[in-house]
Amino acid sequence: MIVDVHFGSGNATVSQEDLAKIIGKMYRVKDVYTIFFFGFRVKFGGGRSTGMCLIYDDLTSAIKYEPGYRLHRNTVVDRRKLSCRKQRRELKNRSKKYKNSKKPPPGPTRSFNILRR
């Protein structure tokens, strides 16, 4: 859904945690960690920002459908315990070679530690 936030010309922008609490009350969401915000842009002149919001039924469906960077941004998963960035990129590029073959790709493609349950 598209979210319009009006916060007045003299005030600062509203944080995503506060927005999650407000939208969680509006739509009766049980867990605020199933609400994901992205793409917010402040309008010229201030006082209003617009962005997108996705609300999932539970955390398992959010982990299934959300990209990894948004899960990390929303503190659902922790990617720092994985190997360094270069190794992850090399693993990703090596797994591309096995896209249409019958062999499984080498190593895990999307592994991380789940922080919230």
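Residues numbered from 1 in each chain as written. Predicted model: local features only at pLDDT ≥ 70, side-chain atom pairs only at ≥ 80, totals over all residues. Heavy atoms only, no water.

**Overview of a nonpolar patch on the surface**
Here is step 1: A contiguous nonpolar surface patch, about 480 Å² in accessible area, is contributed by Met1, Ile22, Met26, Tyr27 and Ile55.
Here is step 2: Looking at the secondary structure, you find Tyr27 in the loop between α1 (16-26) and β2 (35-42).
Here is step 3: Overall, Tyr27 belongs to the partly exposed group, its relative accessible area being 45%. (Patch = residues over 30% accessible without salt bridge, like charges linked within 9 Å, V, L, I, M, F, W, Y side chains within 5 Å. Areas by Shrake-Rupley, 256 points an atom, 1.4 Å probe, with all protein chains shown as cover. Salt bridge = Lys/Arg side-chain N within 4 Å of Asp/Glu carboxyl O. Helix = DSSP H or I, 4+ residues; strand = E, 2+ residues; numbered from the N terminus. Buried < 20%, exposed > 50% of the residue type's maximum accessible area, 1.4 Å probe, protein only.)

**Structural notes on the packing of aromatic side chains**
Here is step 1: Scanning the entire structure with this criterion turns up two aromatic pairs.
Here is step 2: Directly above the ring of Phe38 sits Arg70, whose terminal nitrogen or CZ lies 3.8 Å from the centroid. (Phe/Tyr/Trp six-rings, centres within 6.5 Å; stacked < 30°, edge-to-face > 60°. Lys NZ or Arg CZ within 6 Å of the ring centre and 35° of its normal.)

**Overview of the sheet that holds β2**
Sheet strands associate in pairs through backbone hydrogen bonding, adopting either a parallel or an antiparallel arrangement.
Here is step 1: With antiparallel pairing, three strands are arranged side by side in an open sheet as β1-β3-β2. This sheet does not close on itself; its edge strands, each paired only once, are β1 (2-6) and β2. The average undirected angle you get between the axes of adjacent strands in this sheet is 30°.
Here is step 2: The strands that α1 touches are β1, β2 and β3 (48-55); relative to β2, the one it contacts most, it runs at about 120°. (Pairing = 2+ DSSP bridges. Axes fitted to C-alpha atoms, helices over the stretch in contact; angles between N-to-C directions. Contact = heavy atoms within 4.5 Å.)

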